[in-house]
Amino acid sequence: MKVGIHQSNFMPWVGYFKKIKFCDKFVFLENVKCSKNSFFNRNRFSTSKKRNDYFWLTCPLSKTSYKQNLSEVECNSDFLSKHIKHFKLRYRKTNEKQYLEELLSFYESTRDEDKVLLSNFNKNIIAMTCKYLDIETEIISSLNIKNINKLKKQDLVIGIVKALSGKVYISGQGAKDYQDEKYFNEAGIELKYLRSDYSKVSKISNEHVSIVDIILQEGIWKTKKMILH
């Protein structure tokens, strides 16, 4: 069984969903500390029809957030109205009306709350997006896995995979710099890296943008092809 692990990022890029697609089980890593300048509370979105520049769409966090685990981080719900306005104006001519309407409906349903538990917010949007992309991988939270809270970094990854009876760990290319394959082998786990060729994935100013931007600009069908490439 193939297992993938990642933080519950805000409207992630195509590569995130490719990892989910090629796993049997995917784990949202939530019992780790929130860090600054991560993709947990922000992502890149295009600014114009020409798609030649991007900006950061952000869920603002307080300073205290960086002392909390991801599962505990809350932010004021004020950002929701700003995001709704952006999606309505920027993508009003999208061909993926159903996806946009469901996204906006979820935003609207959250507006009545004073605080937004960001990890849950992100997970809901990821799950919704997986549905449109026909990704049926089983997704669970690390909070539901026993005896891993004291583990750190590579040991935490191995602990999660073993707890799920996984035989293969699917990793992103960025982890090559700090992961040691021998520790995985000693634990009876095969370490596999996703292919790093994302030449077919849309970029803006040579940077990857949120899959939400790609879906609403280029459509579900093209986005599925980017994931399978």
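Scroll up to find the structure this text is about.
Residues numbered from 1 in each chain as written. Predicted model: local features only at pLDDT ≥ 70, side-chain atom pairs only at ≥ 80, totals over all residues. Heavy atoms only, no water.

Chemist: Give me the pattern of salt bridges: which residues, what numbers.
Modeler: This model, assessed by the stated rule, comprises 6 salt bridges. With a closest N to O distance of 3.8 Å, Asp24 and Lys2 form a salt bridge. Here Lys2 lies in strand β1 (residues 2-6) and Asp24 lies in the loop between α1 (14-21) and β2 (25-28), a separation of 22 residues in the sequence. Since its relative accessible area comes to 36%, Asp24 is described here as partly exposed. The partly exposed category is assigned to Lys2, whose relative accessible area is 30%. A salt bridge links Glu102 to Lys131, with the nearest nitrogen and oxygen atoms 2.8 Å apart. Within this pair, whereas Glu102 is found in helix α3 (residues 97-110), its partner Lys131 is found in helix α4 (residues 118-132), the two being separated by 29 residues in sequence. Under the relative-accessibility criterion, Lys131 is labelled partly exposed at 48%. (Salt bridge = Lys/Arg side-chain N within 4 Å of Asp/Glu carboxyl O. Helix = DSSP H or I, 4+ residues; strand = E, 2+ residues; numbered from the N terminus. Buried < 20%, exposed > 50% of the residue type's maximum accessible area, 1.4 Å probe, protein only.)

Chemist: Mind laying out the sheet that holds strand β8 (residues 168-171), listing which residues take part and the relevant values?
Modeler: Taken in spatial order, the 5 strands make up an open sheet running β7-β2-β1-β8-β9, and their pairing is parallel. The open sheet terminates on both sides in strands that have one partner only, identified here as β7 (138-141) and β9 (190-193). Strand after strand, the sheet turns through a mean of 30 degrees between neighbouring axes, direction not considered. (Pairing = 2+ DSSP bridges. Axes fitted to C-alpha atoms, helices over the stretch in contact; angles between N-to-C directions.)

Chemist: Give me the pairing of β8: which residues, what numbers.
Modeler: Both faces of β8 are covered, namely the face carrying Val168 and Ile170 and the face carrying Tyr169 and Ser171. As paired strands, β1 and β8 are joined by 3 bridges and run parallel to one another. Within β8, the residue paired with Val3 across the bridge is Tyr169. Here β8 pairs with β9 via 4 bridges, running parallel. Bridging across to β9, Ser171 finds its partner in Tyr193. Considered for its hand, the β-α-β crossover made up of β8, helix α6 (residues 181-186) and β9 is right-handed. (Right-handed = clockwise from strand over helix to strand, strands pointing away.)

Chemist: I'd love a proper account of the nonpolar core, names of residues and values included.
Modeler: Among the nonpolar cores identified, the biggest contains 72 residues, and Phe17, Phe87, Tyr107 and Phe121 are the most heavily contacted of them. Of the residues forming this core, the biggest block, 7 residues, is contributed by α4. For Phe87, the residues in contact, after removing those within four places along its chain, are Met11, Phe45, Leu57, Arg92, Leu100, Leu103, Leu104, Tyr107, Val212 and Leu216. (Core = buried A, V, L, I, M, F, W, Y, C linked by side-chain atoms within 4.5 Å. Contact = heavy atoms within 4.5 Å.)

Chemist: So what's going on with the packing of aromatic side chains? Residues and values would help.
Modeler: If you walk through the whole model with that rule in mind, you get 13 aromatic pairs. Aromatic side chains Phe26 and Phe28 sit 5.7 Å apart centroid to centroid with 90 degrees between the ring planes, which places their arrangement in the edge-to-face category. Both residues of the pair, Phe26 and Phe28, belong to the buried class. The side chain of Arg44 reaches across the aromatic face of Tyr54, ending 5.4 Å from its centre. (Phe/Tyr/Trp six-rings, centres within 6.5 Å; stacked < 30°, edge-to-face > 60°. Lys NZ or Arg CZ within 6 Å of the ring centre and 35° of its normal.)

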